[in-house]
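Residue strings, one per chain:
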Amino acid sequence: MAWVPWGCCPLFVLLSVCAWGHAKPVDLRRENVRNCSTNPQYLPVTVTNTTVQLKALRQQMRTQNLSAYIIPNTDGHMSEYIGEHDKRLAWITGFTGSSGTAVVTMGKAGLWTDSRYWIQAEQEMDCNWELHKEVGSAPIVNWLLTEIPTGGRVGFDPLLFSIGTWKSYDTALQGSHRELVSITTNLVDLVWGSERPSVPSQPIYALQEAFTGSTWQEKVSSIRSQMQKHRKAPTAVLLSMLDETAWLFNLRSSDIPYNPFFYSYTLLTDSSIRLFVNKSRFNSETLQYLNSSCTGPMCVQLEDYNNVYDRVQAYTSGPVRIWIGTSNTMYAFYKMIPKDKVIEETYSPVMVTKAVKNSKEQALLRASHVRDAVPVIRYLVWLEKNVPKGTVDEFSGAKLLDKFRGEEEFSSGPSFKTISASGLNAALAHYSPTEELHRKLSSDEMYLVDSGGQYWDGTTDITRTVHWGTPSAFQKEAYTRVLIGNMDLSRLIFPAATSGVMLEAFARKALWDVGLNYGHGTGHGIGNFLCVHEWPVGFHSSGLTMGKGMFTSIEPGYYQDNEFGIRLEDVALVVEAKTKYPGTYLTFEVVSLVPYDRNLIDVSLLSPEQLQYLNRYYQTIREKVGPELQRRQLLEEFEWLQQHTEPLSARAPCTAFLSSLLAASTLAILGWSV
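Quick caveat, the model's predicted, so the values are computed rather than measured.

Parameters and conventions
Residues numbered from 1 in each chain as written. Predicted model: local features only at pLDDT ≥ 70, side-chain atom pairs only at ≥ 80, totals over all residues. Heavy atoms only, no water. Helix = DSSP H or I, 4+ residues; strand = E, 2+ residues; numbered from the N terminus. Rg over C-alpha atoms; globule rule 2.2 N^0.38 Å. Buried < 20%, exposed > 50% of the residue type's maximum accessible area, 1.4 Å probe, protein only. Contact = heavy atoms within 4.5 Å. Areas by Shrake-Rupley, 256 points an atom, 1.4 Å probe, with all protein chains shown as cover. Lys, Arg positive; Asp, Glu negative; His and termini not counted. Charge placed at Lys NZ, Arg CZ, Asp CG, Glu CD. Pairing = 2+ DSSP bridges. Axes fitted to C-alpha atoms, helices over the stretch in contact; angles between N-to-C directions. Nonpolar A, V, L, I, M, F, W, Y, C, P; charged D, E, K, R; others polar. pLDDT = per-residue confidence, 0-100. 1 Å grid on protein atoms, 1.4 Å probe; cavity = no way out; pocket = protein on both sides within 12 Å on 5 of 7 lines; lining within 4 Å. Points joined across faces, edges and corners; volume = space filled by probe spheres on them.

Caption draft 1: Structural detail: the overall build of the chain. The helix and strand inventory of the chain stands at 21 helices and 28 strands. Since a compact globule built from 674 residues should have a radius of gyration of about 26 Å, the 27 Å found for the chain is in line with a globular shape. Across the 674 residues in the chain, those meeting the buried criterion constitute 58%. Taking the intrachain contacts of the chain between residues at least 6 apart in sequence as the baseline, contacts between residues at least 24 apart amount to 72%. Summing over all exposed atoms, the chain offers an accessible surface of approximately 27,000 Å²; the carbon and sulfur share of this is 53%. Side chains of the chain carry 61 positive and 68 negative charges; the gap between the two charge centres is 3 Å.

Shown next, in the form of structure tokens:
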């Protein structure tokens with residue numbers, strides 16, 4: 001899945017925005033969007049009336065003497081996906097997109113979002129709201145400077161601002177005679193009141209040992225060892241992101257869509273472990289698993305989720321030093337820790353440790369990808385039979401793929417909302433159909449499906465693009481060049497500790513050679529039954545350098561506005577490379593195991609080395625997925641796999657066909673049997 005902002009990869013947002021083109025799905029008609037310039041105004045039925053909410057919010061702003069209030073679309077953990085309890089932006093604006101920032105003044109209200117959501121915003125917001133087609137803090141600050149008077153106070157919830165977000169607003173407002181003010185009680189929550197959805201209360205459970213790479217005691221000991229070796233001698237590590245705590249204790253739940261997490265914070269000190277969470281969600285077995293009845297250094301003391309701020313503040317009163325990752329800690333904590341008692345690094349030690357999978361975790365992720373190939377292949381086989389009938393649409397197709405995945409062993413649902421895009425909709429890198437708005441799949445168009453699953457042993461993410469009819473020469477060339485980029489990066493040998501951003505160009509070169517490109521990132525990390533976008537691994541400037549044991553997606557693409565989109569995504573493991581001369585070099589082992597579309601490959605564009613690599617990959621798919629299909633008696637899918645992994649010849653398919661036809665004709669003339 002192409003880069004997504006926030007959550008497990010919070011710095012992707014600015015790099016991602018350029019990917020989203022301006023093509024519009026054909027089903028979106030002008031009568032489905034608001035028109036605030038007419039009298040009376042035209043509002044579609046999908047619009048939410050926000051007059052009451054805004055009036056109540058402005059009353060709260062007056063009590064705080066605020067000229068403006070900023071409402072980001074996130075939670076207190078920088079989650080990529082947020083629960084119903086935290087959808088403040090949707091409640092106050094009516095806009096339900098996953099990315100955006102709202103600002104309310106006493107006279108106006110504005111929403112800032114990227115091009116993926118411009119149409120959706122016009123469909124869902126009433127005329128109380130202005131739509132600003134920009135992202136980032138700079139355009140918001142520029143708007144604020146024109147809308148609020150000198151001396152105005154701009155309020156925000158410090159629990160919903162990362163350290164970086166706070167710095168960007170604070171820096172931009174300096175010298176403007178406007179003040180950025182931290183308001184600890186969220187004003188939207190006050191207005192939302194009893195209508196606000198309750199906090200999830202599903203059980204929090206421990207993963208079976210078979211699905212974990214290390215025990216939680218081993219992980220705690222490892223982090224403490226890193227604390228002891230640190231030159232600044234931290235006495236504690238504060239964990240804010242949900243996947244950090246879930247990984248550390250091998251615990252999972254279902255508070256967040258598509259992610260097996262639960263609301264929590266952790267304060268791990270050199271002599272104690274405090275887990276801030278709703279204790280009532282644990283059964284007696286899990287409490288025993290955590291050693292929660294004692295107070296020693298290897299006992300997990302459970303405290304109320306809302307006590308974390310008071311406890312951290314109390315802890316800082318002593319001779320302590322708290323280690324935080326600035327990329328994933330909210331300003332609320334940064335504000336309360338004295339500057340001489342905080343150790344700032346870009347990533348927490350848990351983030352860095354989690355990024356490198358041990359041998360057991362690697363085996364688990366490999367196994368999950370073998371099984372995950374089965375539902376994808378079942379889906380592709382089903383599409384080949386049913387798309388020509390004209391009965392399949394983007395939405396029904398996505399639902400069926402999710403159903404197939406749900407039937408797999410150890411399945412815990414999809415890892416993100418399936419991107420099922422036909423024709424021009426695929427030109428939008430993150431388009432997802434809805435029950436109301438979707439297109440039919442056609443044999444005359446390209447189809448892109450980007451999907452993934454959550455399994456107890458791993459998280460998956462794979463994209464394939466197919467065409468069931470006769471693609472144009474340009475479509476085949478673009479597809480083949482995207483495939484070349486995928487293969488060239490996957491088979492690359494490079495020195496250990498190389499930055500991902502230095503490798504990324506290899507995925508683009510074949511496109512660059514003919515003046516093509518794509519606007520999204522080339523890859524992201526992936527977790528073991530954790531985040532589908534696991535920060536900080538990937539091919540971006542702010543990530544970790546590549547190391548053995550890391551998993552990353554490799555996903556070049558090409559998007560032709562208003563026509564089609566191509567993306568080929570695989571997950572790969574960083575492994576040691578075998579080189580002629582001694583040295584520490586790395587390469588990738590692709591663990592995604594679904595063949596590419598032969599109908600779209602122009603073999604004449606492939607070098608002998610690329611063709612050899614592709615055929616070896618197909619042989620690997622046969623060896624690993626074939627037996628799984630046979631074991632489950634999926635004989636039609638097995639035959640499909642055998643056909644689609646036949647070795648490709650260096651000759652172009654058309655030439656090979658004509659040669660075979662000529663040979664057969666000659667034999668027939670000579671009277672030989674064929």
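Caption draft 2: Looking closely at the sheet that holds strand β16 (residues 419-422). With antiparallel pairing, three strands are arranged side by side in an open sheet as β16-β17-β20. Lying at the two open borders of the sheet, with one neighbouring strand each, are β16 and β20 (462-467). With direction set aside, neighbouring strand axes in the sheet form an average angle of 10°. Pairing between strand β17 (residues 446-451) and β20: six bridges, direction antiparallel. Bridge pairing links Asp-450 to Thr-463 in β20.

Caption draft 3: Focus on the pairing of strand β2 (residues 101-105). Burial of β2 is extensive: five of the five residues sit out of reach of the surface. Pairing geometry for strand β1 (residues 68-72) and β2, over five bridges, is antiparallel. Paired with Pro-72 across the bridge in β2 is Thr-101. As defined by bridge partners, β2 adjoins strand β3 (residues 109-112) across four bridges and the pair is classed as antiparallel. The residue bridging Ala-102 from the neighbouring strand is Leu-111, located in β3. In this structure, the hairpin formed by β2 and β3 is closed by a connection of three residues.

Caption draft 4: Quick look at the sheet that holds strand β14 (residues 342-345). With mixed pairing, six strands are arranged side by side in an open sheet as β12-β11-β10-β8-β13-β14. Pairing within the sheet leaves two strands with one partner each, and these edge strands are β12 (300-303) and β14. Direction aside, the axes of adjacent strands within the sheet are offset by 20° on average. Relative to β14, strand β13 (residues 322-325) is paired through four bridges, and the arrangement is parallel. For Gly-325, the partnering residue across the bridge sits in β14 and is Glu-345.

Caption draft 5: How the structure looks around the packing of helix α8 (residues 216-229) against helix α9 (residues 242-249). Remark: α8 packs on α9, axes separated minimally by 7 Å, with the N-to-C direction vectors making an angle of 115°. On α9, the residues touching Trp-216, Lys-219, Val-220 and Ile-223 of α8 are Trp-247, Leu-248 and Phe-249. Among the residues forming the contact of α8 with α9, the class breakdown is six nonpolar, no polar and one charged.

Caption draft 6: View of the confidence of the model for the chain. Of all residues in the chain, 92% have pLDDT values of 70 or greater, and the mean over the chain is 92. In the predicted structure, residues 9-30 sits below a pLDDT of 50 and forms 60 contacts with residues beyond four places in sequence or in another chain. Per-residue pLDDT stays below 50 along residues 652-674; that stretch engages in seven contacts with residues further than four places along the chain or on separate chains.

Caption draft 7: Local environment of empty space enclosed by the protein. Taken as a whole, this structure holds four cavities of 30 Å³ or more when the rule is applied. Taken together, 14 residues form the lining of the largest cavity, with Lys-219, Trp-247, Arg-252, Glu-361 and Asn-528 sitting closest to its centre. Looking at the lining of the largest cavity residue by residue, the class counts come to five nonpolar, four polar and five charged.

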